[in-house]
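Spelled out from the first residue to the last, the chains are:
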Amino acid sequence: MSSDFPAYAPSEEHELLRQTVRELAEAKIAPHAAEVDETGEFPQNALDALVAGDLHAVHVPESYGGAGADALATVIVIEEVARVCASSSLIPAVNKLGTVPVLLSGSEELKKKYLAPVARGEAMFSYALSEPEAGSDAASMKTRAVRDGDHWVLNGVKMWITNAGVSEYYTVMAVTEPGAGARGISAFVVEKSDPGVSFGPKERKLGIKGSPTRQVILEDVRIPADRIIGAEGTGFKTALATLDHTRITIAAQALGIAQGALDHAVGYVKERRQFGKSIADFQGVQFMIADMAMKIEAARQLTYHAAIKSERAMNGEKVPDLTFVSSACKCLASDAAMEVTTDAVQLLGGYGYTRDFPVERMMRDAKITQIYEGTNQIQRMVMARQLLK
Ligand SMILES: Cc1cc2nc3c(=O)[nH]c(=O)nc-3n(C[C@H](O)[C@H](O)[C@H](O)COP(=O)(O)OP(=O)(O)OC[C@H]3O[C@@H](n4cnc5c(N)ncnc54)[C@H](O)[C@@H]3O)c2cc1C
C-alpha cells in the first residue's frame, strides 16, 4: 500500500471481504456460538468453516502460501467473526499473534517451514510470553533455554496460552542469558509434538470459553538450534514488536463483540413494547443506542487507522507512532466494548441477564479484551511513555 493511500479508507475489496466474512460467520459460526460458550468446547466447526473460506490466517504472505491480505483486511475478518462468536475470532487473531514473531525476525527457513502449514489450515500457531509470576512484567520470566551443541534445551511454565493444546506451533520466549534482563531473552519455535511439551488443564474462565487457555509446560524440551527466532537476546524486542501489530487485532475483536451487542440491542428495542409503545420510542433508550454506536465508530476509525500503519510498518516503512496507536486503539476499543455490551444487557432488561439472549455472553467475552495482550493500565503506561520520551 503506497504512503499516499488515504489513511482511513477501507477499499471496495475490504468491504467485499467484510460481506463475505459476515455471511460465512452468520451461516456457519453464529448458530454454534451459544453452545460453544455453554460447553467450553473448541469451535472446530468455526475452524473448518474459516479454513474452507481461507479466512483462518489471511495475513500470511503469498510468498509463504498465504492469502497475503493486509492488516486492515485481517482486522475486518476478526471483527466480523467476533461479531457473532468471540471464541472463534481467536482463531485468525492468535494465528497472527503466533506467526508475527517469525514474520518479523525469523530466518527464511523458519518462515518457509512454519508459515505454509498455517496458511494451508493444517496447523495453528500460539504465542507464549506470560508466566505464572510474570504477566505485566513479562521480562521477569523464568523459563530457561540453554544451548547444548546443536540444540537448545527449554525448561519452564508458560501461563494463559490461548489455543494451547490445539495449536501445533508455539512462539516461546525464554531466558538465554540470566541477569541480562530483557536483553537476555530469546524467542523460539516449539512444536506441540516436541518431547517434553505438555499442557495444563483448561482454565475455567468468565468468557471466551470456547478458546482453550492452558499452561504450556516445557520439561527438557530439546529443539534444533535453528528454531531460534532471530538473533540470541532479541526475543523480548520481537515479542514487543509483535504486540505493536497484534494489539490492533484485539481492538478488532472488541469492536466485533461491541457491534454484535449493539445490533442485537437495536433489534430488541424496536420489538419490545412497554407503556403501550416500542421502548425504542423513549428518548432515554435512543440516547443509549446513539452513545453505543458513537463509541464503536470512534474506536473503529482509530483501529483501522492503526491497521494501515501496521501494514506500512510490515512493509518496511518507519512508523514512529505505531506503538502509540496500537495501544490506543486496543485500549479505546476494549473499554468501548465493555461499556457497549453492559449497556446492551441493560437495554434488554431482565432478558438481557439470561443466557436466552447473546448479549450476556458478549458482556462476559468483552472483559478479556481489557486484560490480554497487556492490561489497559499497561496500555496507558505504554502510551504515556511514548508521549513523554
Ligand atoms: C484468557 C486469557 C488468554 C491469554 N492469552 C495469552 C497468550 O496467548 N499468550 C500470552 O503470553 N499471554 C496470554 N494471556 C496473559 C495476559 O496477557 C496477562 O494475563 C496480562 O498481561 C496480565 O498479566 P497478569 O495476569 O499476570 O496480571 P498482573 O500483571 O499481575 O496484573 C494485575 C493487575 O495489576 C495491574 N498492574 C500491573 N502492573 C502495573 C503497573 N505497572 N501499573 C499499573 N497497574 C499495573 C494490572 O493492570 C492488573 O490490573 C492471556 C490471559 C488470559 C486471561
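Rules used throughout
Residues numbered from 1 in each chain as written. Predicted model: local features only at pLDDT ≥ 70, side-chain atom pairs only at ≥ 80, totals over all residues. Heavy atoms only, no water. Pairing = 2+ DSSP bridges. Helix = DSSP H or I, 4+ residues; strand = E, 2+ residues; numbered from the N terminus. UniProt positions renumbered as here; feature names shortened; annotations may be inferred. Domains from an automatic or database assignment. Contact = heavy atoms within 4.5 Å. Buried area = accessible area lost by both parts, 1.4 Å probe. Salt bridge = Lys/Arg side-chain N within 4 Å of Asp/Glu carboxyl O. Polar contact = N/O pair within 3.5 Å; in protein donor to acceptor, adjacent residues only side chain to side chain. Nonpolar A, V, L, I, M, F, W, Y, C, P; charged D, E, K, R; others polar.

Participant: Just to check I follow, could you spell out the pairing of strand E7 (residues 213–224) for this structure?
Facilitator: Two faces belong to every sheet, and in a regular strand the side chains alternate between them. Bridge count for strand E3 (residues 151–162) against E7 is nine bridges, and the pairing is antiparallel. Within E7, the position partnered with isoleucine 161 by the bridge is arginine 214. Bridge count between strand E6 (residues 197–199) and E7: three bridges; the pairing is antiparallel. Bridging across to E7, serine 198 finds its partner in isoleucine 217.

Participant: Just checking my understanding: could you explain the UniProt feature "domain: Acyl-CoA oxidase/dehydrogenase middle" (unreviewed entry) in the protein for this structure?
Facilitator: The positions that UniProt labels "domain: Acyl-CoA oxidase/dehydrogenase middle" (unreviewed entry) are, in the present scheme, residues 127–221. Here residues 127–221 is 0% helix and 47% strand, with 17 Å between the C-alpha atoms at its ends.

Participant: Can you help me understand the domain arrangement of the protein in this one?
Facilitator: It is common to report an interface's size as the accessible area lost on association of the parts. For the protein, the domain assignment lists domain 1 (12–124), domain 2 (126–232) and domain 3 (236–388). Facing 12 residues of domain 2, the contacting portion of domain 3 comprises 12 residues. Taking both sides of the interface into account, the surface hidden between domain 2 and domain 3 amounts to around 1,100 Å²; carbon and sulfur atoms contribute 71%. Across the contact surface, domain 2 and domain 3 share zero salt bridges. Where domain 2 packs against domain 3, one counts three residue pairs in polar contact (both at pLDDT 80 or more). The residue makeup of the side of domain 2 that touches domain 3, split by class, is nine nonpolar, two polar and one charged.

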